[in-house]
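A structural walkthrough
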Amino acid sequence: MPDLHMKVEEYLNEIAEREGTVHLTLIDPASQPPEVAADIAKAAVDGGTDAIMIGGSTGAGGLALDQTLLKIKEQIDVPTVLFPGNAGGLSIYADAVLFMSLLNSRDINYVTTNQAMGAPLVYKYGIEPISMAYIITEPGGTVGWVGDAKLIPRNKPELAVAYSLAGKYMGMHYTYLEAGSGADQPVTPATIGAVKHVLGDNKLIVGGGIRDGRTAKICADAGADMIVTGTIVEETDDVRNKIEELVSAIKK
Ligand SMILES: CC(C)=CCC/C(C)=C/CC/C(C)=C/CC/C(C)=C/COP(=O)(O)OP(=O)(O)O
Ligand SMILES: O=P(O)(O)OC[C@@H](O)CO
Ligand SMILES: [Mg+2]
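Here the structure is a predicted model, which is why all the values come from computation and not from measurement. Going along each chain's sequence as written, the residues are numbered from 1 onward. Chains carry letters from A onward and ligands carry numbers from 1 onward, assigned in written order. Totals for whole chains, interfaces and linings use all residues, but because this is a predicted model, local features are given only for residues with pLDDT of at least 70 and pairs of side-chain atoms are given and counted only at 80 or more. Side-chain figures throughout are based on the complete set of non-hydrogen atoms in the structure, without hydrogens or water.

Further remarks concern the overall build of the protein chain. Within the protein chain one finds 10 helices and 8 strands. This radius of gyration counts C-alpha atoms alone. The globule rule is 2.2 Å times how many residues there are, raised to the power 0.38. Relative to the 2.2 N^0.38 estimate, which gives 18 Å for 252 residues, the radius of gyration of the protein chain is 16 Å and therefore close to what a compact globule would have. When the backbone C-alpha atoms are referred to their principal axes, the protein chain occupies close to 45 × 40 × 35 Å. The buried share of the protein chain, reckoned over its 252 residues, is 52%. We call two residues in contact when some of their heavy atoms are within 4.5 Å. Within the protein chain, residue pairs in contact and separated by at least 24 positions form 72% of the contacts whose partners lie at least 6 positions apart. Only the protein chains shown count as cover for residues, and all accessible areas are computed by the Shrake-Rupley method using a 1.4 Å probe. Entry remark: accessible area of the protein chain is about 11000 Å², with carbon and sulfur atoms responsible for 54%. Positive charge is attributed to Lys and Arg, negative charge to Asp and Glu, and no charge count is given to His or to the chain ends. Charge positions are represented by NZ for Lys, CZ for Arg, CG for Asp and CD for Glu. When the 20 basic and 32 acidic side-chain charges of the protein chain are each reduced to a single mean position, those positions are 5 Å apart. What counts as a helix is a DSSP run of H or I of at least four residues, what counts as a strand is a run of E of at least two, and both are numbered from the N terminus. Only protein chains enter the area calculation, which uses a 1.4 Å probe; residues under 20% of their type maximum are buried, those over 50% are exposed, and those in between are partly exposed.

What follows is about the confidence of the model for the protein chain. Scored between 0 and 100, pLDDT is the confidence that the predictor attaches to each residue. Scored by pLDDT, the protein chain has a mean of 96; 98% of the residues are at 70 or more. The ipTM value of the predicted complex is 0.96, and its pTM value is 0.97.

Sheet strands line up and pair through hydrogen bonds in the backbone, either parallel or antiparallel. DSSP bridges decide pairing: two strands pair if at least two such bridges lie between them. Around the barrel, 8 strands lie side by side as E1-E2-E3-E4-E5-E6-E7-E8; this closed barrel has parallel pairing. Taken over all neighbouring pairs, the strand axes of this sheet differ in orientation by 30 degrees on average, direction set aside. The sheet contact formed by strand E4 (residues 96–102) and strand E5 (residues 128–136) spans 7 bridges and is parallel. Of the residues in E5, the one forming a bridge with Ala96 is Glu128. Strands strand E6 (174–178) and strand E7 (203–207) of the sheet are contacted by helix H7 (residues 189–199), whose axis makes an angle of about 160 degrees with E7. The convention used is that axes are lines fitted to C-alpha atoms, helices contributing only their stretch in contact, and that angles between N-to-C directions extend from 0 to 180 degrees.

Glancing now at the site of ligand 2. Near ligand 2 you find Leu26, Phe83, Tyr176, Glu178, Ser181, Gly182, Gly207, Gly208, Gly209, Thr229, Gly230 and Thr231, and these make up its full shell. Gly208 places a polar main-chain atom, nitrogen or oxygen, 2.9 Å from an oxygen atom of ligand 2. Residue Gly209 places a main-chain N or O atom 2.8 Å away from an oxygen atom belonging to ligand 2. With a 1 Å grid laid over protein atoms only, a set of points is called a cavity when a 1.4 Å probe fits there but cannot get out and a pocket when it is open yet has protein on both sides within 12 Å along at least five of seven lines; lining residues have an atom within 4 Å of a point. Pocket occupancy is defined atom-wise: a molecule lies in a cavity or pocket when more than half of its atoms are within 2 Å of its grid points. When each cavity is represented as a set of grid points, ligand 2 is found to reside in the largest pocket. Any residue with at least one heavy atom within 4 Å of a molecule or strand is counted as near it. Two N or O atoms form a polar contact when they lie within 3.5 Å of each other; inside protein one atom must be a possible hydrogen donor and the other a possible acceptor, and for residues adjacent in sequence the pair counts only when both atoms belong to side chains.

Let us now look at the site of ligand 1. Taken together, 19 residues form the shell around ligand 1, and within it Gly56, Ser57, Phe83, Tyr110 and Thr142 come nearest. Contact distances for ligand 1 include 2.9 Å between an oxygen atom and a side-chain N or O atom of Thr142. Notes on ligand 1: free accessible area 740 Å², of which the protein chains cover 93%. Elements supplying a minimum of two residues to the shell around ligand 1: E4, helix H4 (108–125) and helix H5 (141–146). Its residues assigned to classes, the shell around ligand 1 comprises 10 nonpolar, 8 polar and 1 charged. We call Asp, Glu, Lys and Arg charged. Ala, Val, Leu, Ile, Met, Phe, Trp, Tyr, Cys and Pro are nonpolar, and the rest, Gly among them, are polar.

All right, on to the packing of helix H2 (residues 34–46) against helix H3 (residues 62–75) then. In contact at an axis separation of 8 Å, H2 and H3 are set at 40 degrees when each is read in the N-to-C sense. Classified by the angle between their axes, H2 and H3 sit oblique to one another. Considering only the axes of H2 and H3, their crossing is right-handed. Here Pro34, Glu35, Ala37, Ala38, Asp39, Ala41 and Lys42 of H2 come into contact with H3, specifically with Gln67, Thr68, Lys71, Ile72 and Gln75. Every angle not falling under 35 degrees, over 145, or within 65 to 115 is termed oblique; those three ranges are roughly parallel, roughly antiparallel and roughly perpendicular. Left-handed describes a crossing whose near helix is turned anticlockwise from the far helix through less than a right angle; right-handed describes the clockwise counterpart.

Before going further, it helps to spend a moment on the packing of aromatic side chains. Stacked, edge-to-face and tilted are the three classes for Phe, Tyr and Trp ring pairs, Trp counted by its six-membered ring, which pair at centre distances within 6.5 Å; planes under 30 degrees apart are stacked, over 60 edge-to-face, the rest tilted. Tallied over the entire structure, the rule returns 3 aromatic pairs. Ring centres of Phe83 and Tyr134 lie 5.5 Å apart, and the angle between their planes is 80 degrees; this geometry places the pair in the edge-to-face category. Here Phe83 is found in the loop between strand E3 (80–82) and E4, whereas its partner Tyr134 is found in strand E5, with 51 residues between them in sequence. Residue classification places Phe83 among the buried positions, given a relative accessible area of 8%. With a centroid separation of 5.1 Å and 85 degrees between ring planes, the pair formed by Tyr134 and Tyr176 is classed as edge-to-face. Highlighted residues: Tyr134 in strand E5 and Tyr176 in strand E6, separated in sequence by 42 residues. Overall, Tyr176 belongs to the buried group, its relative accessible area being 1%.

Grid points are joined across faces, edges and corners, and a volume is the space filled by probe spheres set on the points. In this model, the largest pocket occupies a volume close to 690 Å³. Lining of the largest pocket is provided by 44 residues; of these, Gly56, Ser57, Phe83, Tyr134 and Val143 occupy positions nearest its centre. Only strand E1 (22–27), E4, H4, H5, E6, strand E8 (226–229) and helix H9 (231–235) provide two or more residues apiece to the lining of the largest pocket. In terms of residues, the lining of the largest pocket owes the most to one element, E4, which gives 6 residues. Its residues assigned to classes, the lining of the largest pocket comprises 19 nonpolar, 20 polar and 5 charged.

Take a look at the structure:
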């Protein structure tokens, strides 16, 4: 049960310290009606997920986003964290936003422009911004295409390290290594380990292509502080059971 006076970033960091790894469930508001999203969120929380991330690369804003958040908040009391594909992915009903720059994008819109367009809303709505370096590796999926990322090759950890260090030196608190939603394989343990080594205490999020406890544990053991799963939660018939499998594999 979260302390509501605590900031979301502190809440997540504290779980990472105490339990070894945080589990985040990603819900795409464009994938199902708000009531169904709320049922998924409830089952995920019952299964032990630590927070709900809300976002999508395509069509994830507006009324559907607001209604999805409102319905989810009726069902659960863990934090809701926006994962916006652009400035349209913000909602007054969320607790926090992963305020990210896609560092390896070729398109300035994903490096600073959406951030500038969204920042006044974050301020006005009072959403907690969590600064984050977002780095996409092969295969990259939809988000790699939409974000026009110069994908980091799977076998080039040194390039992921270079971008991660740049993010840290620019003052970003979190780093997110993304293989793309639904990737056939997640980011390699070698890349995760090399990046975590240079990040030190800065938190590392890993997502894309993680579908089972065994894979989640490999990523956590390699150095991920937080594991994101989205697609598998959309696909499974038993969300609670699937989340329990993932959570029990990565927590102390
Ligand atoms: C901070 C603000 C206001 C905006 C940031 C804008 C940036 C940098 C976006 C990065 C590029 C991007 C398109 C990110 C989307 C992240 C996301 C929600 C991925 C989830 O992917 P899915 O939507 O599940 O993928 P599919 O559409 O393939 O299912
Ligand atoms: O859908 P999956 O493959 O779990 O990926 C989650 C997340 O990393 C996508 O941004
Ligand atoms: Mg998706």
